[in-house]
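These are the residues of each chain, in order.
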Amino acid sequence: MKLVRPFLLFVSILLFGWLFMSNINLVNVAVTPNEAEINSEIASVNGSTDMNQLKKFTIGKISSMEVIRKRFSENVMIRMAVISMLVFIQIILYSTKSNILNSKFTDF
């Protein structure tokens with residue numbers, strides 16, 4: 001039991017780090033270029049007069065939104081599994097009575 005607790009703590013730290021790193025790329029740090037791209041696409045749609053071209057553009061955007069939605073759905077399932085494992089590990093760590101550090105260092 002002495003080695004289980006440090007191992008579980010190490011695994012939980014690794015999983016927390018993975019969650020942190022996997023969520024960092026979801027932060028929108030390039031707000032201005034993204035807004036410029038959106039405004040450019042809106043301008044091209046407003047300037048278009050061909051209905052077939054607008055239909056193709058709309059179908060392409062809907063398809064790309066579907067791909068993005070599927071990717072996010074897969075990522076959410078993975079993150080939920082990792083969070084569930086972390087909760088389970090933390091419950092085990094909390095329920096075990098042994099301490100990683102020597103008790104003379106933690107007694108105040």
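Only a predicted model underlies this, so the values are computations on that prediction, with no experimental measurement involved.

Cut-offs and rules
- Per chain, residues are indexed from 1 in the order of the written sequence.
- Per-residue local features are limited, in this predicted model, to residues with pLDDT of at least 70; the limit for side-chain atom pairs, both in listing and counting, is 80 or more; totals at the level of whole chains, interfaces and linings are taken over all residues.
- Think of the side-chain values as coming from all heavy atoms in the structure, minus any hydrogens and water.
- Every axis corresponds to a line fitted to the C-alpha atoms, with the helix fit spanning only the stretch in contact, and the corresponding angles, defined between N-to-C directions, vary from 0 to 180 degrees.
- The helix and strand labels rest on DSSP assignments: H or I over at least four residues marks a helix, E over at least two residues marks a strand, and numbering proceeds from the N terminus.
- Under this scheme an angle from 65 to 115 degrees is roughly perpendicular, one under 35 degrees roughly parallel, and one over 145 degrees roughly antiparallel; angles in between are oblique.
- Two helices that cross are described as forming a left-handed crossing if the nearer one is turned anticlockwise from the farther one by less than a right angle, and a right-handed crossing if clockwise.
- The contact criterion used is simple: two residues touch if any of their non-hydrogen atoms lie within 4.5 Å.
- Expected span of a helix: the number of residues minus one, times 1.5 Å.
- In this scheme, a residue with accessible area under 20% of its type's maximum is buried, one over 50% is exposed, and one in between is partly exposed, where area comes from a 1.4 Å probe on protein chains only.
- Nitrogen and oxygen atoms within 3.5 Å of one another constitute a polar contact, given that in protein one can donate a hydrogen and the other can accept it, and given that sequence-neighbouring residues count only through two side-chain atoms.
- For the charge count, each Lys or Arg is scored as positive and each Asp or Glu as negative, with His and the chain ends excluded.
- Within this document, salt bridges are pairs made up of a side-chain nitrogen of Lys or Arg and a carboxyl oxygen of Asp or Glu, the two lying within 4 Å of each other.
- Buried Ala, Val, Leu, Ile, Met, Phe, Trp, Tyr and Cys residues form a nonpolar core when they are joined through side-chain atoms within 4.5 Å.

Before going further, it helps to examine the packing of helix α1 (residues 4–24) against helix α3 (residues 51–95). Packed helix pairs are specified by the crossing angle of their axes together with the interaxial distance, meaning the distance between the axes. Viewed as axis vectors pointing N to C, α1 and α3 meet at an angle of 150°, and their least axial separation amounts to 10 Å. One finds that α1 runs roughly antiparallel with respect to α3. As for the relative orientation of α1 and α3, their crossing is left-handed in sense. The residues of α3 that touch α1, namely those facing Arg5, Leu8, Leu9, Val11, Ser12, Leu15, Phe16, Trp18, Leu19, Ser22 and Asn23, are Ile78, Arg79, Val82, Ile83, Met85, Leu86, Ile89, Gln90, Ile92, Leu93 and Tyr94.

Residues separated by three or four positions in an α-helix point in the same direction, a consequence of the helix having 3.6 residues per turn. For α3, with 45 residues, the first-to-last C-alpha span of 65 Å sits near the 66 Å given by 1.5 Å per residue. Turning to α3, its buried residues are Arg79, Val82, Leu86, Ile89 and Leu93. Near the N-terminus of α3, the side chain that reaches the backbone nitrogen of asparagine 52, with its oxygen 3.4 Å away, is that of aspartate 50.

Residue position: arginine 79 is located in helix α3. An unpaired buried charge is present at arginine 79: no salt bridge exists, and glutamate 74, the closest side chain of opposite charge, is 10 Å distant. A polar contact is formed between the side chain of arginine 79 and the backbone oxygen of serine 22, at a distance of 2.9 Å. Filtering out sequence-adjacent residues up to four positions away, arginine 79 remains in contact with Trp18, Leu19, Ser22, Asn23 and Leu26.

What follows is about the pattern of salt bridges. Pairing is possible between side chains of opposite charge, provided their charged atoms come close. According to the stated counting rule, one finds two salt bridges in the structure shown. Of the charged contacts in the structure, one is a salt bridge between glutamate 41 and lysine 61, with a shortest N-O distance of 2.9 Å. With a gap of 20 residues between them, glutamate 41 in helix α2 (residues 31–47) and lysine 61 in helix α3 connect regions that are remote in the sequence. Among the residues examined, glutamate 41 registers a relative accessible area of 24% and is labelled partly exposed. Here arginine 69 ties to glutamate 66 by a salt bridge, and the two come within 2.5 Å at their closest N and O atoms. Here arginine 69 and its partner glutamate 66 are both found in helix α3, three residues apart, which amounts to about one turn of the helix. Judged by relative accessible area, which is 47%, arginine 69 ranks as partly exposed. For glutamate 66, a relative accessible area of 32% translates into the label partly exposed.

Along the backbone, glutamate 41 and phenylalanine 57 are 16 residues apart, and their C-alpha atoms lie at a distance of 9.8 Å. Dropping the residues within four chain positions of it, glutamate 41 is found in contact with Phe57 and Lys61.

A word on the nonpolar core. One finds Leu8, Leu15, Leu19, Val82, Leu86, Ile89 and Leu93 forming the largest nonpolar core, which totals seven residues. Contributions of two or more residues to this core are made by α1 and α3. If you tally residues by element for this core, the top one is α3, at four residues. When neighbours within four sequence positions are excluded, leucine 8 is seen to be in contact with Ile89, Ile92 and Leu93.

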